[in-house]
Amino acid sequence: MAPDKERHTPFLTSLIAGGMAGTTVDLALFPIDTLKTRLQSPQGFVAAGGFRGVYRGIMAAAAGSSPGAALFFGTYETMKPVIANLQNTYRGEEASSPALTHMIAASIGEAAACLVRVPTEVVKSKMQTNAAGASSLSETFKLVVSEKDGRAFGSKIFGGLYRGYGITLMREVPFAFIQFPL
């Protein structure tokens, strides 16, 4: 199917469907994510909480899950026709690749979604591992924003909210390149 003949999902549909799907998956798998995070914690599994309170931090996950997934799918669906048109313009319609369109659109979608996903993950991880000062969602958010040590992207403005943004993109973009053209 030619890139310009592909079915186009309306923006609002992408936002709603993406938000609902992302939230459903994140909430269903949250206890497993908590255990994984605690196993990876430098303080050790037991000190990080062990099997107790596996839903600690779920509000942080819920707060960022829907907007992150909605942003991904909204961006992805918006970029597909733009990229297809660019390919048609610069490569010609016969040389255009629907797979390449999906790869590039998904990569841009991941970069956009990570603007929401990474801060959510940072706050959630602190809560899951019972970090000092992470007693509630609002207290943990304040704690992370106060981390202006220069180890995170834009830390002078955003504190530690974007710690890990670059490495997260390095994980998500190759995954999108493989998954979305399939």
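See above for the structure.
Note that the structure is predicted; figures quoted are calculated from it, not measured.

1. Quick look at the pattern of salt bridges
(1) Moving on: All told, the structure shown has eleven salt bridges when counted by the stated rule.
(2) Moving on: The partner of Lys36 in a salt bridge is Asp33, with the nearest N and O atoms 3.9 Å apart. Remark: Asp33 and Lys36 occur in helix α2 (residues 30–40); sequence separation between them is three residues, near one turn of the helix.
(3) Moving on: By relative accessible area, Lys36 is classed as partly exposed at 39%.
(4) Moving on: The partner of Glu147 in a salt bridge is Lys126, and the shortest N-O contact between them spans 3.1 Å. You can see Glu147 sitting in the loop between α5 (137–145) and α6 (155–158) and its partner Lys126 sitting in helix α4 (residues 98–128), a full 21 residues away along the chain.
(5) Moving on: Using a relative accessible area of 16% as the deciding quantity, one classes Glu147 as buried.
(6) Moving on: If you follow the salt bridges from partner to partner, you end up with Asp33, Lys36, Glu121 and Lys124 in one network.

2. Structural notes on the packing of aromatic side chains
(1) Moving on: In the structure shown here, the tally under the stated rule is eight aromatic pairs.
(2) Moving on: Their ring planes at 85 degrees and their centres at 4.8 Å tell us that Phe72 and Phe73 sit as a pair that is edge-to-face.
(3) Moving on: Judged by relative accessible area, which is 4%, Phe72 ranks as buried.
(4) Moving on: Relative accessible area serves as the criterion here: at 29%, Phe73 is assigned to the partly exposed category.

What counts and how
- Residue numbers restart at each chain and count upward from 1, following the sequence in its written direction.
- Per-residue local features of the predicted model are confined to residues with pLDDT of at least 70, and side-chain atom pairs are confined, for both listing and counting, to 80 or more; whole-chain, interface and lining totals are unaffected and use all residues.
- To obtain the side-chain values, all non-hydrogen atoms of the structure were used and water was disregarded.
- Whenever a carboxyl oxygen of Asp or Glu lies within 4 Å of a side-chain nitrogen of Lys or Arg, that contact is scored as a salt bridge.
- A run of H or I in DSSP counts as a helix once it spans at least four residues, and a run of E counts as a strand once it spans at least two, with each numbered from the N terminus.
- We call a residue buried when its accessible area falls under 20% of the maximum for its residue type, exposed when it is over 50%, and partly exposed in between, using a 1.4 Å probe and counting protein chains only.
- Only Phe, Tyr and Trp rings are paired, with Trp represented by its six-membered ring, and only when their centres lie within 6.5 Å; those with planes under 30 degrees apart are stacked, over 60 edge-to-face, the remainder tilted.

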